[in-house]
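What follows is each chain in one-letter form.
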Amino acid sequence: MPVTNVTHDIDTRTIVITAEFAASRDRVWEVYANPRQLEKIWGPPTYPATFVEHDFVPGGKVTYYMTSPEGEKFGGWWEMITVDKPNGFTFKDGFADAANDLKPVDSMPVSFNDYKFTEGDGTTTAVFTSVYETAEALQQVLDMGVIEGASAAINQIDELLAS
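In what follows, the accompanying structure is described. Note that this is a predicted model, so its numbers are computed, not measured. (Residues numbered from 1 in each chain as written. Predicted model: local features only at pLDDT ≥ 70, side-chain atom pairs only at ≥ 80, totals over all residues. Heavy atoms only, no water.)

Right, let's get into the nonpolar core. Grouped together as the largest cluster of nonpolar side chains are 37 residues, with contacts concentrated most on Tyr 32, Trp 42, Trp 78, Phe 89, Phe 117 and Phe 128. For Trp 42, the contacting residues outside a window of four places in its chain are Tyr 32, Tyr 47, Ala 49, Phe 51, Tyr 64, Met 66, Trp 78, Tyr 115 and Ala 153. Counting residues in each nonpolar core, the second largest holds five residues, with Tyr 65, Trp 77, Ala 96 and Leu 102 among its members. (Core = buried A, V, L, I, M, F, W, Y, C linked by side-chain atoms within 4.5 Å. Buried < 20%, exposed > 50% of the residue type's maximum accessible area, 1.4 Å probe, protein only. Contact = heavy atoms within 4.5 Å.)

What follows is the structure, given as structure tokens:
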């Protein structure tokens with residue numbers, strides 16, 4: 001399993017997930033830069049993602065929805081801040097209304113995310129850091145199972161990299 005460490009800290013409002021992949025940094029980067037590949041790993045295994053927009057440039061917009069086994073759709077959005085190929089990228093991440101053109105849901109938490117990729121000895125270490133606006137927002141997503149869902153999603157990357 002790629003996920004090697006997960007921490008969260010209510011005081012700093014952060015979740016940090018570290019993962020290691022048996023692939024080059026360029027190959028891991030491609031998983032996120034290519035929406036068709038990202039669809040295969042974004043979200044837990046039983047909630048496949050569909051990316052509607054994927055403007056992977058600073059200032060770009062990314063929208064998607066995940067579909068539950070029962071067919072219910074859960075939307076999300078990213079606002080790209082920085083893109084530093086293949087070292088990493090930063091973005092805001094929030095919830096979107098899947099039934100309403102994936103418009104942001106203002107009442108739900110938003111996080112600032114910093115994804116960093118470091119290559120060494122044929123592997124890539126990824127550090128995924130999410131910072132929430134408030135401790136309450138972090139607690140809300142923790143209660144929703146964000147750590148379990150994100151870890152399950154990241155753990156799918158090995159299979160994609162091997163294909």
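What follows is about the environment of Ser 24. Mapping Ser 24 onto the fold places it in the loop between strand 2 (14-21) and helix 1 (25-33). Along the backbone, Ser 24 and Lys 61 are 37 residues apart, and their C-alpha atoms lie at a distance of 26 Å. (Helix = DSSP H or I, 4+ residues; strand = E, 2+ residues; numbered from the N terminus.)

Next up on the list: the pattern of salt bridges. As enumerated under the stated definition, the model contains four salt bridges in all. Of the charged contacts in the structure, one is a salt bridge between Arg 36 and Glu 39, with a shortest N-O distance of 2.9 Å. Take Arg 36: its relative accessible area is 44%, and that puts it in the partly exposed class. With a shortest N-O distance of 3.9 Å, Lys 103 and Asp 101 are connected by a salt bridge. Judged by its relative accessible area of 66%, Asp 101 falls in the exposed class. (Salt bridge = Lys/Arg side-chain N within 4 Å of Asp/Glu carboxyl O.)

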